[in-house]
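# Understanding the architecture of this molecule
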Amino acid sequence: DQQVKQNSPSLSVQEGRISILNCDYTNSMFDYFLWYKKYPAEGPTFLISISSIKDKNEDGRFTVFLNKSAKHLSLHIVPSQPGDSAVYFCAAGATGANSKLTFGKGITLSVRP
Amino acid sequence: GAGVSQTPSNKVTEKGKYVELRCDPISGHTALYWYRQSLGQGPEFLIYFQGTGAADDSGLPNDRFFAVRPEGSVSTLKIQRTERGDSAMYLCASSRGEQETQYFGPGTRLLVL
């Protein structure tokens, strides 16, 4: 049973527009969340994280929103750029448990010039 | 500074053979993780080291898989009697401490023929 779900396998947006990538989780023990970006033939690169004590975290063009009651988070990229085209993974962890991350299957973002 | 490095980048082996995959974490990072990523999936946790000891090996699929980190830095993932189903991308990550941000290496792509 997938504890972290990224239900849309792909997303295509126009350059300059907003990209919204969604993630849902089922385990209520998760209390911190991360987004990673992955290019082909490279390892995942850390983008941004959020703790459950917050509902928003912003870093430049990237903003992550967390809705704990809905067990839902989203990554907003604005404005989207062609270099943002990659696979994006949502990951979750639980403080006080161990340090392992549970990942979603990823979503492929394509930003059209 | 240097990121996480993994060698080899690619490994092709025959069914039944033994393989070793190496991970060099970021200098000073005490925590080290191994994940496995199959095609179309997100990374799946295998094992976590804090210093020299395996703090959590609950993700290792069976006793053919073993990992060591004898001096608290470099780690080796060892797979005995490889099977075709072991073919995947093996990712290593490190972090400054427990539940700190994990930074990934480029991975080793293992193909078992």
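Structure's up top.
Our subject in this report is the structure included herewith. (Residues numbered from 1 in each chain as written. Chains lettered and ligands numbered in written order. Predicted model: local features only at pLDDT ≥ 70, side-chain atom pairs only at ≥ 80, totals over all residues. Heavy atoms only, no water.)

### Things to note about the nonpolar core
- By size, the foremost hydrophobic cluster in this structure holds 25 residues, and its most contacted members are Phe 33, Trp 35, Leu 73, Leu 75 and Tyr 88 of chain A.
- Looking at this core, the elements that each hand over two or more residues are strand S3 (19–25), strand S4 (32–38), strand S5 (45–51), strand S7 (62–67), strand S8 (72–77), strand S9 (86–93) and strand S11 (107–112) of chain A.
- Looking at this core, the element that brings in the most residues is S9 of chain A, giving four residues.
- Discounting residues that sit within four places of it in the chain, Leu 73 of chain A has contacts with Leu 21, Asn 22, Cys 23, Tyr 25, Phe 33, Trp 35, Val 64, Phe 65, Leu 66 and Cys 90 of chain A.
- Ranked by size, the runner-up nonpolar core spans 20 residues in total, among them Leu 32, Trp 34, Tyr 90 and Val 112 of chain B. (Core = buried A, V, L, I, M, F, W, Y, C linked by side-chain atoms within 4.5 Å. Buried < 20%, exposed > 50% of the residue type's maximum accessible area, 1.4 Å probe, protein only. Helix = DSSP H or I, 4+ residues; strand = E, 2+ residues; numbered from the N terminus. Contact = heavy atoms within 4.5 Å.)

### Some points on the sheet that holds strand S1 (residues 4–5) of chain A
Residue and element names in this part refer to chain A.
- Strand order in this open sheet of five strands is S1-S3-S8-S7-S6, and the pairing throughout is antiparallel. The open sheet has two edge strands with one neighbour each: S1 and strand S6 (56–59).
- Direction of pairing for S7 relative to S8: antiparallel, over a ladder of six bridges. By the bridge assignment for S8, Val 64 is matched with Leu 75. (Pairing = 2+ DSSP bridges.)

### Description of the interface of chain A and chain B
- Across the boundary between the two partners, chain A contributes 21 residues, which contact 20 residues of chain B.
- Of the roughly 1600 Å² buried between chain A and chain B, counting both surfaces, carbon and sulfur atoms make up 56%.
- Considering only the surface of chain A that becomes buried against chain B, Pro 44, Ser 99 and Phe 103 of chain A emerge as the three largest contributors, covering 30% of it.
- Run the count over chain A and chain B and you get zero salt bridges.
- Joining chain A to chain B, the criterion identifies three residue pairs in polar contact (both at pLDDT 80 or more).
- At four residues, the largest contribution of residues to the side of chain A that touches chain B is made by S4 of chain A. (Buried area = accessible area lost by both parts, 1.4 Å probe. Salt bridge = Lys/Arg side-chain N within 4 Å of Asp/Glu carboxyl O. Polar contact = N/O pair within 3.5 Å; in protein donor to acceptor, adjacent residues only side chain to side chain.)

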